[in-house]
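Breakdown of the fold
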Amino acid sequence: MVLLSVFYRRPISLSPTCLWGMASYSTTQKSPVRLVQELRKLTDVPISKAREALAASNNDVDAARKWIEKDLAVSGAQKAAKVEGRTTGEGLVSVCILSNGNWQHRAGVSSELGGVRAAMIELNCETDFVGRNELFARLAADIAHTAAFITEHDSSSPSFIRPCSLDVLWDAPLLSRSDPHVQTPATVSSSIRDLIAKVGEKISLKRAVTMVHGPFRGESNALGLRVASYLHGATSSGFQGRIGSLAALGLKTPRLPELMSTETFVQDLEKLERAIARQIVGFDTHSIRSTPGDETSLYNQPFMMLGGEGANETVRSVLDKWSRQRGMVKDGGIEVLEFVKWTVGQDVE
């Protein structure tokens, strides 16, 4: 076959074999859309990576998942090394409360106040765009859940809220908050590495604290612990925000078992706890008690976050009144024992 060249005005010969090669196309079988969707749901990788993994695994989803795990390990380590020197000033504070000292009814066992188990962590990234990413938010929630779950009570510590070792947390298996019964081989460190591979930014676990304490069995049911928390600028899940607080509250009264077994009292208590945690976040709060007139002290601040008459009274006076109204003041009442307040990106002392 002879064609005329437009540029050189001379004949060009093309063989039938050449023409067939020009008309040919790839015969590689594309992975079914159903398998691509299934693999992406399991791994959260892009469509192109899911297709590549399935193609390399003969459309076997389990084999493709293992292929992706190996690929993320390699690419994640490479990207982590590349972005190591970058600044991570964005991110989220995440809180997880697994147990909050509620009244427990167990078959064959006398009812008692439960213990507390909670954690707060800060996970950082480079940009606000990644900080608002669903995968980033999920990882922050899972790390907080892991910290709360793996921490053991330390009876030798004088504090209720204690720092959680990042080295221990780094090597711990990651426990999903949304599906805690699912077990995966991923650790906190490998999950951070994998997310670096997916988003292309440096991600770092900055700090973590936990509050873990059992019920006061040996000291009667007159004592109880509670956890209060609040997140400002919370994400849609409600587990993370830009500013977070975690507070330990103490309850003391011989009537505590009776009070904690009533729905009305627990609802009122939960409302008060949330207001206290919001107050800590909303004001420039540095301490619980201080000299009169120091409004960086929680107890000296007008209780604006409770609303109503509380806005015209100090936190201290409102807590006293709240306790009196429920017959608790004679033998104790409610106190804020400790608190931690974090803002994303702030310097750590």
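Structure: see above.
The present account deals with the structure reproduced in this document. Residue numbers here run from 1 along each chain, matching the order of that chain's written sequence. Local features are withheld for residues below a pLDDT of 70 in this predicted model, meaning they are given only at 70 or higher, and side-chain atom pairs are given and counted only at 80 or more; totals for whole chains, interfaces and linings count all residues. With hydrogens and water set aside, each side-chain value is computed from the structure's full complement of heavy atoms.

Take the sheet that holds strand β12 (residues 333–343) next. Note: strands within a sheet are paired through backbone hydrogen bonds, in either parallel or antiparallel orientation. Whether two strands pair depends on DSSP finding at least two bridges between them. The helix count covers DSSP runs of H or I at least four residues long, the strand count covers runs of E at least two residues long, and both are numbered beginning at the N terminus. The strand order β9-β11-β12 describes an open sheet built from 3 strands, whose pairing is antiparallel. Each having just a single partner strand, β9 (223–232) and β12 make up the two edges of the open sheet. In this sheet, adjacent strand axes meet at a mean angle of 15° when their direction is disregarded. As paired elements, strand β11 (residues 243–252) and β12 share 10 bridges and run antiparallel to each other. Bridge pairing in β12 links Leu-251 to Ile-334. Residue contacts are defined here by distance: any two heavy atoms, one from each residue, within 4.5 Å place the two residues in contact. Note on method: axes are straight lines fitted to C-alpha atoms, helices fitted across the in-contact stretch only, with angles between N-to-C directions ranging 0 to 180 degrees. Here helix α10 (residues 263–282) sits on the sheet and contacts β9, β11 and β12; the angle it forms with β9, its principal contact strand, is near 50°.

Each residue after the first adds 1.5 Å to the expected span of a helix. With 20 residues, α10 extends 28 Å from end C-alpha to end C-alpha; this agrees with the ideal 28 Å at 1.5 Å per step. The rule is simple: take the accessible area with a 1.4 Å probe, protein chains only, and divide by the maximum for that residue type; under 20% is buried, over 50% is exposed, in between is partly exposed. Residues of α10 that are buried include every one of Phe-265, Val-266, Leu-269, Leu-272, Glu-273, Ala-275, Ile-276, Ala-277, Gln-279, Ile-280 and Val-281, and no others. Taken together, the buried residues of α10 touch β3 (90–100), β9, β11, α9 (256–260), α11 (315–325) and β12.

To continue, consider the sheet that holds strand β8 (residues 204–213). Within the open sheet, the 5 strands sit side by side as β7-β8-β6-β3-β10. Their pairing is antiparallel. Two strands close off the open sheet at either side, each with one partner strand: β7 (161–163) and β10 (240–241). Bridge count for strand β6 (residues 116–125) against β8 is 9 bridges, and the pairing is antiparallel. Within β8, the residue paired with Ala-118 across the bridge is Met-211. On the sheet, helix α6 (residues 134–150) packs against β3, β6, β8 and β10 and is oriented at approximately 145° with respect to β6.

The subject of this paragraph is the packing of α10 against α11. α11 packs onto α10 with a crossing angle of 175° between their chain directions and a minimal axis gap of 13 Å. As summarised for this structure, α10 and α11 are arranged roughly antiparallel, according to the angle between their axes. Contact residues: Phe-265, Asp-268, Leu-269, Leu-272, Ile-276 and Gln-279 in α10; Val-315, Leu-319 and Trp-322 in α11. Here the contact of α10 with α11 is composed, by residue class, of 7 nonpolar, 1 polar and 1 charged. Our angle categories are set so that under 35 degrees counts as roughly parallel, over 145 as roughly antiparallel, 65 to 115 as roughly perpendicular, and the remainder as oblique. All residues other than Ala, Val, Leu, Ile, Met, Phe, Trp, Tyr, Cys, Pro, Asp, Glu, Lys and Arg, Gly among them, are scored as polar; the first ten of these are nonpolar and the last four charged.

Okay, the packing of α6 against helix α8 (residues 188–199) next. Axis separation between α6 and α8 bottoms out at 11 Å; the angle between their running directions is 175°. Here α8 runs roughly antiparallel to α6, going by the angle between their axes. Each of Leu-135, Phe-136, Leu-139, Ile-143 and Thr-146 in α6 lies in contact with α8, whose residues at this interface are Val-188, Ser-191, Ile-192, Leu-195 and Lys-198. Residue classes in the contact of α6 with α8 are distributed as 7 nonpolar, 2 polar and 1 charged.

Pairing of aromatic rings covers Phe, Tyr and the six-membered ring of Trp, with a centre-to-centre limit of 6.5 Å; geometry is then stacked below 30 degrees between planes, edge-to-face above 60, and tilted otherwise. Per the counting criterion, the structure on display carries 1 aromatic pair. Note on Phe-265 and Trp-322: the rings are 5.5 Å apart at their centroids and 50° apart in plane angle, and the pair reads as tilted. One end of the pair, Phe-265, is in helix α10; the other, Trp-322, is in helix α11, with 57 residues separating them in the sequence. Residues Phe-265 and Trp-322 agree in their burial class; the two are buried. Any Lys NZ or Arg CZ that is within 6 Å of a ring centre and within 35 degrees of that ring's normal is treated as a charge sitting over the ring. Directly above the aromatic system of Phe-239 lies the positively charged group of Arg-177, at a separation of 3.5 Å from the ring centroid. Directly above the aromatic system of Tyr-299 lies the positively charged group of Arg-316, at a separation of 4.5 Å from the ring centroid.

For the rest of this paragraph, the subject is α8. With 12 residues, α8 should cover 16 Å at 1.5 Å per step; its first-to-last C-alpha distance of 17 Å lies within 8% of that length. Buried residues of α8: Val-188, Ser-189, Ser-190, Ser-191, Ile-192, Asp-194, Leu-195, Ile-196 and Ala-197, and no others. A positive backbone phi angle near 75° is found at Gly-200, which sits one or two residues after α8.

The next subject is the pattern of salt bridges. Throughout this description, the term salt bridge denotes a Lys or Arg side-chain nitrogen within 4 Å of a carboxyl oxygen of Asp or Glu. Tallied over the entire structure, the rule returns 14 salt bridges. Its salt-bridge partner being Arg-207, residue Glu-122 comes within 2.7 Å of it at the nearest N-O pair. With Glu-122 in strand β6 and Arg-207 in strand β8, this pair connects stretches of sequence that are 85 residues apart. Of the residues examined, Glu-122 reaches a relative accessible area of 0% and is grouped as buried. Judged by relative accessible area, which is 11%, Arg-207 ranks as buried. Arg-132 is the partner of Asp-128 in a salt bridge, and the nearest nitrogen-oxygen pair spans 2.7 Å.

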